[in-house]
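Below are the chains, spelled out letter by letter.
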Amino acid sequence: MTGNHNVHPAISRTGPLPPTEQRNAASYHLDTLDALGVVELMNREEQRALDAVGEAAGQLATVAQRVADCVQAGGRVVLLGAGTSGRLALQEVAELPPTFGLAPEIFHVLAAGSAAMGPAVITNTEDDTEAAPTALAAQGIGPADVVIGLAASGTTPFVRSGIKAATQLGSWTCGIANNPGTPLLTDGGYGVLLDTGPEVLTGSTRLKAGTAQKLALNRITTAAMVVDGRVIENHMLDVTGSNAKLRLRALRIVSDITGWDDTRVRTTLERNAWSVRAALKGAGRAG
């Protein structure tokens with residue numbers, strides 16, 4: 001057995017540690033486990049991420065409705081994040097144009113992190129308090145837009161300064177954090193707590209905290225796009241068959257919705273440049 005597993009009070013130089021930085025009593029013995037033991041422990045602990053998102057369902061619905069209203073009115077949605085939160089935001093936003101047919105400029109990310117994260121990175125340090133406000137102002141962010149900041153700690157200077165600046169610019173703003181009572185939850189107009197508690201690996205918020213953030217983003221964007229009319233039944237309405245896989249998906253969607261035979265489905269899609277929405281509009285099934 002390695003390591004020191006004595007239990008000490010969770011105290012830092014400035015007071016009690018926030019939950020995401022505290023040691024998890026269930027994993028004091030982490031270094032004694034084999035691979036299966038680690039996986040099983042993480043499986044048990046990961047339930048807390050699902051519970052946290054479930055507890056925030058009403059708040060996430062409010063955010064989703066705001067996002068839908070913003071998109072319908074021609075506004076933009078900006079996600080702010082640093083490190084893990086920034087990478088999760090990038091992943092979410094990258095999937096929205098192919099899934100929902102959105103123009104890429106509608107959703108975008110301002111992130112703090114490494115150059116490997118691409119052009120969304122506007123500073124390499126999460127302690128930068130000038131980068132996000134400067135970028136938001138340069139992009140003309142204002143009352144028509146929504147700005148959402150994500151930070152497990154709820155104290156990240158890059159994210160907090162961006163949310164404060166966006167609020168001053170008149171945008172609807174929301175802070176999403178994993179620690180109760182953390183300042184990001186009140187920096188903007190709305191706060192969503194995802195209370196995931198201490199991590200299996202102390203302080204590694206890419207685990208439960210990150211999982212909960214990704215689940216929350218899934219719910220916000222999907223619910224917003226449903227409200228925005230980009231889903232028919234439980235199918236994606238704005239799929240365009242730009243490759244073989246997507247053409248097969250488009251064929252299945254139009255077949256499911258219309259009940260047409262394969263030849264008619266294919267002919268209709270080909271005539272409409274493989275656009276599911278256009279094909280179904282011609283059938284009187286899409287607006």
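Residues numbered from 1 in each chain as written. Predicted model: local features only at pLDDT ≥ 70, side-chain atom pairs only at ≥ 80, totals over all residues. Heavy atoms only, no water.

Per an unreviewed UniProt entry, the chain carries the name N-acetylmuramic acid 6-phosphate etherase and comes from Streptacidiphilus alkalitolerans.

(A) Region of the structure containing the UniProt feature "domain: SIS" (unreviewed entry) in the chain. Feature annotation in UniProt assigns "domain: SIS" (unreviewed entry) to the following positions: residues 67-230. In residues 67-230, helix accounts for 41% and strand for 19%; the two terminal C-alpha atoms are 13 Å from one another. (UniProt positions renumbered as here; feature names shortened; annotations may be inferred. Helix = DSSP H or I, 4+ residues; strand = E, 2+ residues; numbered from the N terminus.)

(B) Representation of the environment of Ala73 within the structure. Counting through the fold element by element, Ala73 comes out in the loop between helix 2 (57-72) and strand 3 (77-82). Note on Ala73: relative accessible area 64%, which makes it exposed. Put simply, Ala73 and Ala115 are 42 residues apart on the chain and 33 Å apart in space, counted from C-alpha to C-alpha. (Buried < 20%, exposed > 50% of the residue type's maximum accessible area, 1.4 Å probe, protein only.)

(C) Focus on unusual backbone geometry. In this model, Glu233 sits at a positive phi of 50 degrees, which is unusual for a non-glycine residue. Relative to the elements of secondary structure, Glu233 occurs in the loop between strand 9 (231-232) and strand 10 (235-236). For Trp274, which is not a glycine, the phi torsion comes out positive at approximately 65 degrees. With respect to the helices and strands, Trp274 occurs in the loop between helix 9 (262-271) and helix 10 (276-282). Accessibility expressed as a relative area gives 13% for Trp274, which makes it buried.

(D) Broad picture of the nonpolar core. One finds Val67, Val77, Phe107, Ile148 and Leu194 to be the most contacted residues of the largest nonpolar core, which totals 39 residues. Of all the secondary-structure elements, those providing two or more residues to this core are helix 1 (35-55), helix 2, strand 3, helix 3 (84-100), strand 4 (107-112), strand 6 (146-151), strand 7 (172-177) and helix 7 (208-227). The leading source of residues in this core is helix 7, at seven residues. Sequence-distant contacts of Phe107, that is, excluding residues within four places in its chain, are made with Val67, Val71, Val77, Val93, Leu96, Leu102, Thr221 and Met225. Residues Leu80, Leu136, Ala151 and Leu184 belong to the second largest nonpolar core, which totals 19 residues. (Core = buried A, V, L, I, M, F, W, Y, C linked by side-chain atoms within 4.5 Å. Contact = heavy atoms within 4.5 Å.)

(E) Fine view of the packing of aromatic side chains. Applying the stated criterion to the full structure yields one aromatic pair. Seen in terms of ring centroids, Trp172 and Tyr190 are 5.7 Å apart; in terms of plane orientation they differ by 35 degrees. Their pairing is tilted. With Trp172 in strand 7 and Tyr190 in strand 8 (residues 190-193), the pair connects residues that are 18 residues apart, well separated along the chain. (Phe/Tyr/Trp six-rings, centres within 6.5 Å; stacked < 30°, edge-to-face > 60°.)

(F) Geometry of the state of the cysteines. Counted under the stated rule, the structure contains zero disulfides. No disulfide involves Cys174; its sulfur sits 13 Å from the nearest other cysteine sulfur, which is in Cys70. Assessed through its relative accessible area of 0%, Cys174 is described here as buried. (Disulfide = S-S within 2.5 Å.)

(G) Spatial organisation of the pattern of salt bridges. Counted by the stated rule, this structure contains nine salt bridges. In this structure, Arg76 and Asp145 form a salt bridge, with 3.2 Å as the shortest nitrogen-oxygen distance. One end of the pair, Arg76, is in the loop between helix 2 and strand 3; the other, Asp145, is in the loop between helix 4 (131-138) and strand 6, and 69 residues separate them in sequence. In this structure Asp145 comes out as buried when scored by relative accessible area, which is 5%. Residues participating in the shared-partner salt-bridge network are Asp228, Arg230, Asp238 and Arg277. (Salt bridge = Lys/Arg side-chain N within 4 Å of Asp/Glu carboxyl O.)

(H) Local environment of the pairing of strand 3. The element strand 3 is extensively covered by neighbouring structure, given that six of its six residues are classed as buried. Of the two faces of strand 3, both are covered, the one formed by Val77, Leu79 and Gly81 as well as the one formed by Val78, Leu80 and Ala82. Of the pairings in the sheet, the one linking strand 3 to strand 4 comprises six bridges and is parallel in character. Residue pairing in the sheet places Gly81 in a bridge with Ala111 of strand 4. By the bridge criterion, five bridges tie strand 3 to strand 6 in an arrangement that is parallel. The partner of Leu80 across the bridge, within strand 6, is Gly149. (Pairing = 2+ DSSP bridges.)

(I) Molecular detail of the pairing of strand 4. Of all six residues in strand 4, six are buried; the element is thus mostly enclosed. As a crossover connection, the stretch from strand 3 through helix 3 into strand 4 is right-handed. One ladder, built from two bridges, connects strand 4 with strand 5 (residues 121-123); its direction is parallel. By the bridge assignment for strand 5, Ala112 is matched with Thr123. (Right-handed = clockwise from strand over helix to strand, strands pointing away.)

(J) Highlighting the sheet that holds strand 5. What the six strands build is an open sheet, ordered 5-4-3-6-7-8; its pairing is parallel. Here the strands that pair on one side only, and so sit at the sheet edges, are strand 5 and strand 8. In this sheet, adjacent strand axes meet at a mean angle of 20 degrees when their direction is disregarded. Across the sheet, helix 5 (residues 157-168) lies against strand 3, strand 4, strand 5, strand 6 and strand 7, angled at about 160 degrees from strand 6, the strand it touches most. (Axes fitted to C-alpha atoms, helices over the stretch in contact; angles between N-to-C directions.)

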